[in-house]
Amino acid sequence: MPLKHDLNAKEVIITRKQQTKQLGNITWPVSASQRTHPSVTWIRPHHCRGNTDETYDTILYHVKDKVAHITLNRPERLNAINYQMPVELKNAVERANMDKTVKVIVLSGAGRSFCAGYDLVMSAEQGRGDENIGNQKMPWDPLEDFGMMDFCTKAFMSLWRSYKPTIAKVHGYGIAGGSDIALCADMVIMAEDAKIGYPPARVWGCPTTAMWTYRVGPEKAKRILLTGDLISGKEAAKMGLVLEAVPSDKLDETVEKLADRIKTVPSNQLFFQKQVINQVVEQMGLFQAQRLSTLFDGMSRHSPEGVAFQKYAMEHGFKEAVKGRDSGEVDWTEEAEKHGRE
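Residues numbered from 1 in each chain as written. Predicted model: local features only at pLDDT ≥ 70, side-chain atom pairs only at ≥ 80, totals over all residues. Heavy atoms only, no water.

Student: I tried to follow the environment of V188 on my own but got confused; where do I start?
Tutor: Positionally, V188 belongs in strand β8 (residues 187-191). Contacts of V188, omitting those with residues within four sequence positions, involve A168, V170, A182, L183, R215, V242, L243 and E244. (Helix = DSSP H or I, 4+ residues; strand = E, 2+ residues; numbered from the N terminus. Contact = heavy atoms within 4.5 Å.)

Below is the structure:
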């Protein structure tokens, strides 16, 4: 799935005939099966020029009363992240930034959840290598993996870097990669009964946006990431992970009120305040932490336990693998010893 990303172009070009794949500035070889696999499709993010009539495959976008609404739109998969979503999310944020009528951006999810993480059914249940770029055949190339995940991390961080304030509205599940996205927003408001967390911290993942420590401090971040436990919106608000948690039937109203209040402030004033606050966090090493976490995320998927988890998912299905991971019933080191090293 070679990809050439140019923000000034009309589309991201993906062709089966090319021999390389690009995400950001990283280029790496593509196998023959990747070039011909039916899951490889054309991705068409859009030239960001304000309020033009443009469509997306994985998100919805509209502007109303100075608020840009971006909605993750794969409800049949609980808005799981595929190859297209990071590109389209980034372009939508940039589109809102270039629209002078927009004062604030609200990000939400269609259907029953905000975002259930990466679409791992299409990766965890597939064989290593071939079209499955998240799980390479051994020996694996860390640069190839880093290029892919660093691209996604930077796309999610468009919410953080946005000149305009961003609010994530979380209902249902905002877990794994979904929590990566939500925690990049300036403010997060959750339904009290929604769930957030990073279960792949138990095996097969590391949160590449590395936002947990900056939001709740090291001890509470360790409590979440050393267990992979999910917490409710109410618990998340109590520990300071998110701004507020409200009953689910009040979520839309609460977010709308906050956005309405923010949009009464001049755009330049909003920009000034946000940049100062962001600078404080960035000076604490945010980008260095993200670089390290993105490298470790690749390592976690190619460690002996990570390989064992992926093989288990192939044999039993991803749902069973997740059940074994989250319950603690499967010892992944033992599983790795059963399979042996590749």
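After that view, the rundown keeps rolling.
Student: Would you take a moment to explain the nonpolar core for this structure?
Tutor: The tendency in soluble globular proteins is for nonpolar side chains to be buried as a group. I70, I181 and L241 are the most contacted members of the largest nonpolar core, which totals 59 residues. Per-element accounting of this core gives the leading share, 5 residues, to helix α2 (residues 85-98). Apart from the residues lying within four places of it in its own chain, the contact partners of I70 are I59, L60, Y61, L89, A92, V93, I105, V106, L107 and S108. Judged by nonpolar contacts, the second largest core, of 11 residues, contains W204, A313, F318 and A321. (Core = buried A, V, L, I, M, F, W, Y, C linked by side-chain atoms within 4.5 Å. Buried < 20%, exposed > 50% of the residue type's maximum accessible area, 1.4 Å probe, protein only.)

Student: Help me understand the packing of helix α13 (residues 304-316) against helix α15 (residues 332-339), please; the structure alone is not making it clear to me.
Tutor: In helix packing, the relevant descriptors are the interaxial angle and the interaxial distance, both defined with respect to the helix axes. Close contact between α13 and α15 brings their axes to 8 Å; oriented N to C, the two are set at 80°. By the angle class used here, α13 and α15 are roughly perpendicular. Contacts from P304, E305, A308, F309, K311, Y312 and E315 in α13 reach W332, T333, E335, A336 and H339 in α15. Classifying every residue of the contact of α13 with α15 by side-chain character gives 6 nonpolar, 2 polar and 4 charged. (Axes fitted to C-alpha atoms, helices over the stretch in contact; angles between N-to-C directions. Parallel < 35°, antiparallel > 145°, perpendicular 65-115°, else oblique. Nonpolar A, V, L, I, M, F, W, Y, C, P; charged D, E, K, R; others polar.)

Student: How should I be thinking about the sheet that holds strand β5 (residues 104-109) in this particular structure?
Tutor: By definition, the strands of a sheet pair up through backbone hydrogen bonds, in either a parallel or an antiparallel sense. Overall, mixed pairing links the 6 strands, which are arranged β3-β4-β5-β6-β8-β11 in an open sheet. Looking at the sheet topology across the chains shown, the edges are occupied by β3 (59-64) and β11 (244-246). Between one strand axis and the next, the sheet turns by 20° as a mean value, whatever way the strands run. As paired strands, β8 and β11 are joined by 3 bridges and run parallel to one another. Residue pairing in the sheet places M190 in a bridge with A245 of β11. (Pairing = 2+ DSSP bridges.)

Student: Just checking my understanding: could you explain helix α14 (residues 318-327) for this structure?
Tutor: Residues three or four positions apart in an α-helix share a direction because the helix packs 3.6 residues into each turn. If you check which residues of α14 are buried, you get F318, A321, V322, G324 and R325. The buried residues of α14 occupy one face: seen down the axis, they fall within an arc of 165°. Away from its buried face by more than 90 degrees, α14 exposes K319 and K323. (Arc of directions from axis to C-beta.)

Student: Would you mind going over the side chain of N278 with me for this structure?
Tutor: The topology assignment puts N278 in helix α11 (residues 267-283). Of note is the side chain of N278, whose polar atom sits 3.0 Å from the backbone oxygen of W160. (Polar contact = N/O pair within 3.5 Å; in protein donor to acceptor, adjacent residues only side chain to side chain.)

Student: Where do I start with the confidence of the model for the protein in this structure?
Tutor: Close reading of the predicted structure is inappropriate where its pLDDT is low. The predicted model of the protein averages 85 in pLDDT, with 80% of residues at 70 or higher. Within the model, pLDDT remains below 50 along residues 1-53, and this stretch shows 117 contacts once partners closer than five positions in the same chain are excluded. (pLDDT = per-residue confidence, 0-100.)

Student: It is not clear to me how the packing of aromatic side chains should be interpreted in this structure. Could you clarify?
Tutor: Aromatic rings in a pair are described by how distant their centres are and how their planes are angled relative to each other. By the definition in use, this model includes 7 aromatic pairs. Taking the centre distance of 6.3 Å and the plane angle of 50° together, the rings of Y118 and F156 count as tilted. Here Y118, found in the loop between β5 and α3 (121-124), pairs with F156, found in helix α4 (residues 142-156); they are 38 residues apart in sequence, far enough to count as distant. You can call Y118 partly exposed: its relative accessible area is 22%. With a relative accessible area of 0%, F156 lands in the buried category. Where W204 meets F309, the ring centres are 5.3 Å apart and the plane angle is 45°; that geometry is what we call tilted. Taken together, the positions of W204 in the loop between β9 (195-197) and α7 (212-216) and F309 in helix α13 put the pair 105 residues apart, joining distant regions of the chain. The buried category is assigned to F309, whose relative accessible area is 0%. Of the aromatic side chains, those joined through ring pairs into one cluster are W204, F309, Y312, F318 and W332. (Phe/Tyr/Trp six-rings, centres within 6.5 Å; stacked < 30°, edge-to-face > 60°.)

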